[in-house]
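# An overview of the molecular structure
Each chain, letter by letter, is given below.
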Amino acid sequence: MHIEYEEFDSIEDIFMYLASAAPPMKNTMPINSYKDYIMSFIPLSPSTGETYLMLYVKGSLEPGIYEFDVSTKSYKKVDNIERADKVYFISLTPKRNTIADAAIASL
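Residues numbered from 1 in each chain as written. Predicted model: local features only at pLDDT ≥ 70, side-chain atom pairs only at ≥ 80, totals over all residues. Heavy atoms only, no water.

In this section: the packing of aromatic side chains. Evaluation of the coordinates by the stated rule reveals eight aromatic pairs. Between Phe8 and Tyr17 the ring centres are 5.6 Å apart and the planes differ by 65°, which places this aromatic pair in the edge-to-face class. Residue Phe8 is classed as buried on the basis of its relative accessible area, which comes to 14%. Residue Tyr17 is classed as partly exposed on the basis of its relative accessible area, which comes to 27%. With 5.4 Å between their ring centres and 80° between their planes, Phe15 and Tyr75 make a pair best called edge-to-face. (Phe/Tyr/Trp six-rings, centres within 6.5 Å; stacked < 30°, edge-to-face > 60°. Buried < 20%, exposed > 50% of the residue type's maximum accessible area, 1.4 Å probe, protein only.)

Another point: the sheet that holds strand β3 (residues 37-43). On the basis of which strands lie adjacent, the open sheet formed by seven strands has the order β1-β4-β3-β2-β7-β5-β6 and mixed pairing. Where the open sheet ends on each side, the last strands, each with one partner, are β1 (2-7) and β6 (74-78). Each strand of the sheet is rotated relative to its neighbour by a mean of 35°, with strand direction disregarded. Strand direction decides the pairing type here: strand β2 (residues 28-34) and β3, joined by three bridges, are antiparallel. If you follow Ser33 over to β3, its bridge partner there is Ile38. Those strands touched by helix α1 (residues 11-21) are β1, β2, β3, β4 (51-58), β5 (64-69), β6 and β7 (87-92), and its axis lies near 145° from that of β4. Contacts from helix α2 (residues 98-105) reach β1, β2, β3 and β4 within the one sheet, and its direction differs from that of β3 by about 105°. (Pairing = 2+ DSSP bridges. Helix = DSSP H or I, 4+ residues; strand = E, 2+ residues; numbered from the N terminus. Axes fitted to C-alpha atoms, helices over the stretch in contact; angles between N-to-C directions. Contact = heavy atoms within 4.5 Å.)

For the structure on display, the rule yields six salt bridges. Among the ionic pairs, Lys35 bridges to Asp101, the shortest N-O distance being 2.9 Å. Note that Lys35 is positioned in the loop between β2 and β3 and Asp101 in helix α2, a separation of 66 residues in sequence. Asp101 sits in the partly exposed class, given a relative accessible area of 21%. Two residues, Arg83 and Asp85, come together in a salt bridge whose shortest N-O distance is 2.6 Å. Exposure remark for Arg83: the relative accessible area of 39% places this residue in the partly exposed category. A relative accessible area of 53% means that Asp85 is categorised as exposed. (Salt bridge = Lys/Arg side-chain N within 4 Å of Asp/Glu carboxyl O.)

Next up, the structure:
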């Protein structure tokens with residue numbers, strides 16, 4: 001497995017990147033908060049699963065739903081996904097993530 005990295009300065013920056021890369025009409029995306037990193041993995045070789053791009057920023061988020069407003073570059077924790085004009089991130093904190101463990105060890 002090979003991992004490429006893209007580091008961001010803030011949670012808002014990683015949310016902006018992911019919001020712009022989201023397929024049209026898909027406004028909910030998972031993101032991991034794991035071992036003091038907020039991260040997302042994008043497969044760069046989907047057919048083989050051998051190369052991933054790790055987008056990350058130092059920090060943590062509580063598990064839950066986060067509403068992100070692209071125009072103001074701000075986010076807040078919410079209880080429901082209600083608005084089509086916002087992008088939502090579902091923050092998950094896995095007990096173990098072997099891809100993330102390998103990627104973090106190589107940072």
